[in-house]
Amino acid sequence: MLTVAQRMPVDSWDSHMHVTDPDYPLTEGAAYIPCLHTLDDVRNFEGTIGIRNTVFVQPSIYGNDNSCLLDALRVAGPSHGRGVVAIDPDMLDITQLQEWHKLGVRGVRLNLKSINATYTENSLTTMLQKYAEAIRGFGWVLELYIGMEAMPILEKIVPSLGVRISIAHFGAPTLPSPETANYPLNPYDITGFSSLVNLVRAGSTWVKLSAPYRFDKDTHFRGVESIARELLKVAGDRCIFASDWPHTRHDGLDIKPFVETVLDWTDEANLTKEVFSLNAKELWDIDQRRDSQDPLKCD
């Protein structure tokens, strides 16, 4: 039987990974204190699943101080690394963003789920418009960690933003408990899923198949399986894999069974190369001929 690493397509990308280090200052009110997860640790982990290319995503504990991520990105280099940073769209330094672009930054993260943020349709619209305006000139991605119940609002907002959207962690659905669930689930019974499908079908929204343990309590991933299979069916070119390593606040988790399960799903859909490699390359602007060039100028 082949191992996960042996099954992994050549030139695969892990589209959601965190580097953490207690030596970097935490933001006020950080939800947890990180352990040491250096770039060497990243490489050691990625080697166990056969991946060499990583998208570093800013963890919420560092707020808008991206120093830890940027230092890791400098070492990884743009051929094997991309970055998704956190910013304040009201306080931008365009020169700084241009430098980050050269390092391999290709997105900004807006994390509303981890901090249990409250919002209305109007306030969310205003917020996303600010972020989109800040990154549009660079061609960056707007990465959203937000509950699936918000997808009907996003379905209204996204078409006017003029940027690509990445939805983290299956869209963070609210799932029934394994004790009461009737498997296989009908994904269209899950609040917000129909709107998520409409978003990915429209072409500018991608979904990360990642971190099921954050909301699916079934150890065989049966809660998210129907979501994954339907997304692969209706928009396989808009699904990307991510490990969510080091699984913050889920220390000691073995992610390999999930990676193997995603490989099973994508093999059955004949989309393994797309989900693990080609779709990520399109989303994160993986074109080494452009990596050394200057980013687009913002007006």
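Residues numbered from 1 in each chain as written. Predicted model: local features only at pLDDT ≥ 70, side-chain atom pairs only at ≥ 80, totals over all residues. Heavy atoms only, no water.

### Focus on the pairing of strand 4 (residues 105-111)
Okay, step 1: Where burial is concerned, most of strand 4 is hidden: seven out of the seven residues are buried.
Okay, step 2: With three bridges connecting them, strand 3 (residues 81-85) and strand 4 associate as parallel partners. Bridging from a neighbouring strand, Val84 pairs with Gly107 of strand 4.
Okay, step 3: Taken together, strand 3, helix 4 (residues 94-103) and strand 4 constitute a β-α-β crossover, and its handedness is right-handed.
Okay, step 4: Pairing analysis gives five bridges linking strand 4 to strand 5 (residues 141-145), with the strands arranged parallel. Counterpart to Gly107 in the pairing with strand 5 is Val141.
Okay, step 5: Taken together, strand 4, helix 5 (residues 121-135) and strand 5 form a β-α-β motif whose crossover is right-handed. (Buried < 20%, exposed > 50% of the residue type's maximum accessible area, 1.4 Å probe, protein only. Helix = DSSP H or I, 4+ residues; strand = E, 2+ residues; numbered from the N terminus. Pairing = 2+ DSSP bridges. Right-handed = clockwise from strand over helix to strand, strands pointing away.)

### Quick word on the UniProt feature "domain: Amidohydrolase-related" (unreviewed entry) in the protein chain
Okay, step 1: Listed under "domain: Amidohydrolase-related" (unreviewed entry) in the UniProt record, and renumbered for this structure, are residues 13-285.
Okay, step 2: Each end of residues 13-285 is marked by a C-alpha atom, and these two atoms are 12 Å apart; helix forms 38% of the span and strand 14%. (UniProt positions renumbered as here; feature names shortened; annotations may be inferred.)

### Looking at the pattern of salt bridges
Okay, step 1: Scanning the model with the defined rule gives 17 salt bridges in all.
Okay, step 2: One salt-bridge network, held together by shared partners, links Arg7, Glu260, Asp264 and Asp267. (Salt bridge = Lys/Arg side-chain N within 4 Å of Asp/Glu carboxyl O.)

### So, the state of the cysteines
Okay, step 1: Going through the model one piece at a time under the given rule, you end up with zero disulfides.
Okay, step 2: Free cysteine: Cys68, not disulfide-bonded; nearest cysteine sulfur from Cys35 at 13 Å. (Disulfide = S-S within 2.5 Å.)

### A look at the pairing of strand 6 (residues 164-167)
Okay, step 1: Looking at chain direction, strand 5 and strand 6 are connected through four bridges and run parallel. For Val141, the partnering residue across the bridge sits in strand 6 and is Arg164.
Okay, step 2: Two elements, strand 6 and strand 7 (residues 205-209), share three bridges in a ladder whose sense is parallel. In the strand pairing of strand 7, Ile167 is matched with Val207.
Okay, step 3: Of the crossover connections in this fold, the one passing from strand 6 over helix 7 (residues 193-202) to the parallel strand 7 is right-handed.

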